[in-house]
Structures are given as C-alpha cells and as structure tokens.
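Coordinate analysis (summary)
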Amino acid sequence: MKGSPRVEIAVTKTEPDGFYNFDKLPTGDYIVKVSNVPRGFNRTAGLDNHLNGVAAVKLGASEKRNDVDIGFAQFGSIGNSIFNAAYGDGKQANESGLEGVIATLMKAGNEIASTKTGPDGVYKFDKLPAGYYIVKVSDVPTDFNHTAGLDNPRNGTVVVKLDAGEKRDDVDIGFAK
C-alpha cells in the first residue's frame, strides 16, 4: 500500500521458507500488510501496528530492502497445581492446593514472571514461546516437604521443555507434612 489515501499496489504470498519480495518499486513510503496468518500463530516482531498487521517501510532511490522481517510464533503455557500430597502417592488427583506459594518462571537465568497460588494451588504462565524454562517455587509452608514434581528439591526448581503452541498443564508440584 502506498500514499494517502492508501492504495494497494501489489500482493504476494510468502514462500515455504517465509521469504517474500516486492520488485521494482519506486522511491517512497510503503506499508506492508500481513494477512492470512495461520491459526494459532501470534505476531512477535517487526510490525509497527500489531492489531492491523502493518509495517511502515521507507524505500530510497534504487534501494532494495530485504530487512523487513516480521515474526510469528505459536505460544504455549506452563502450569497446573502446587498441592498438599496428603495421600503420599505423589499424584495430584483428589489433593487440595497449597495457597500462597510463589511460582516463578525463569528462562536463561532470568525471571520472566511470578505468581502466587490461590486456595486451589493453581498457577499458570501464558503466551510463552517454545523453549526450556525453569519453574521455581518458594514460600512453601515451613512444615511441608517436597514429595513430587521438582527436579531439584533443594533449589525448588523443575525444568520444563515447551514446544511451539504446547499447553503444559501437567507441571504439578507436591508437598506433604
């Protein structure tokens, strides 16, 4: 799209590798509009207006721009329950949640988000790109000991691998008196 009012001057589809190209454009200000994004993909980079799916591009004389990259990802989630393992079997089924436990999400050593469990012990981190994460628990009542779900009970952590678009609603962590 070019000018004011905006006029559509060319349409193209991305190649299987995601590349696209508009050839032989004169000098000017352009808008690249992205549409027909596959379901489940979310815009992550390169757009000036995420809601409208557009990126503004200035093109100089004889200039070729191959740096107008627009990123998309399938987001996933990590969470479930921090529970009182009263039955001692390490399973969350029919167990009550632990209220007030802090669940912290970390990636590459950096804290990304933190939440406190309510009476049901549920925690959840949404809109996450694929990758390896660490869930760290703290503020567990002092009379409770770890029974299930942590890779490193001393540090209160569990490593979680999240694939693109995956909903990891199975990261349960149990404690008992």
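Summary of the structure given here. Since the structure is predicted, the reported quantities are computational estimates derived from the model, not experimental observations.

Another aspect to go through is the packing of aromatic side chains. With the rule as written, the count across this model stands at two aromatic pairs. Ring geometry for tyrosine 20 against phenylalanine 22: centres 6.0 Å apart, planes inclined by 70°, an arrangement best described as edge-to-face. Owing to a relative accessible area of 30%, phenylalanine 22 belongs among the partly exposed residues under this scheme.

One finds Ile78, Ile82, Tyr123, Val135, Ile173 and Phe175 to be the most contacted residues of the largest nonpolar core, which totals 20 residues. Contributing elements (two or more residues each) for this core: β5 (76-84), β7 (102-107), β9 (122-128), β10 (131-138), β12 (157-162) and β14 (173-176). The residues contacting tyrosine 123, other than those within four sequence positions of it, are Ile78, Gly79, Asn80, Ser81, Ile82, Ala103, Thr115, Thr117, Val135, Val171 and Ile173. Grouped together as the second largest cluster of nonpolar side chains are nine residues, Val34, Val57, Leu59 and Ile70 included.

To continue, consider the sheet that holds β10. Pairing is antiparallel in the open sheet, where four strands are placed in the order β8-β7-β10-β12. Two strands bound the open sheet, and with one partner strand each, they are β8 (110-116) and β12. On average, each strand axis in the sheet is inclined to that of its neighbour by 25°, with strand direction left out of account. Here β7 runs beside β8; their pairing, made up of six bridges, is antiparallel. Of the residues in β8, the one forming a bridge with lysine 107 is asparagine 110.

Here we take up the side chain of threonine 117. Relative to the helices and strands, threonine 117 is located in the loop between β8 and β9. In this structure threonine 117 touches Ile82, Leu98, Glu99, Gly100, Val101, Val122 and Tyr123, once residues within four positions along its chain are discounted.

The next point concerns the layout of surface pockets. To locate leftover empty space, one rolls a probe as large as a water molecule over the atoms. Looking at the largest pocket, its volume works out to about 1400 Å³. Along its surface, the largest pocket is lined by 41 residues, and Thr12, Tyr20, Asn21, Phe22 and Val32 are the ones closest to its centre. Among the secondary structure elements, those contributing two or more residues to the lining of the largest pocket are β1 (28-33) and β3 (54-59). Ranked by residue count, the leading element in the lining of the largest pocket is β1, at four residues. Among the residues forming the lining of the largest pocket, the class breakdown is 21 nonpolar, eight polar and twelve charged.

Definitions and cut-offs
- Residues numbered from 1 in each chain as written.
- Predicted model: local features only at pLDDT ≥ 70, side-chain atom pairs only at ≥ 80, totals over all residues.
- Heavy atoms only, no water.
- Phe/Tyr/Trp six-rings, centres within 6.5 Å; stacked < 30°, edge-to-face > 60°.
- Buried < 20%, exposed > 50% of the residue type's maximum accessible area, 1.4 Å probe, protein only.
- Core = buried A, V, L, I, M, F, W, Y, C linked by side-chain atoms within 4.5 Å.
- Helix = DSSP H or I, 4+ residues; strand = E, 2+ residues; numbered from the N terminus.
- Contact = heavy atoms within 4.5 Å.
- Pairing = 2+ DSSP bridges.
- Axes fitted to C-alpha atoms, helices over the stretch in contact; angles between N-to-C directions.
- 1 Å grid on protein atoms, 1.4 Å probe; cavity = no way out; pocket = protein on both sides within 12 Å on 5 of 7 lines; lining within 4 Å.
- Points joined across faces, edges and corners; volume = space filled by probe spheres on them.
- Nonpolar A, V, L, I, M, F, W, Y, C, P; charged D, E, K, R; others polar.

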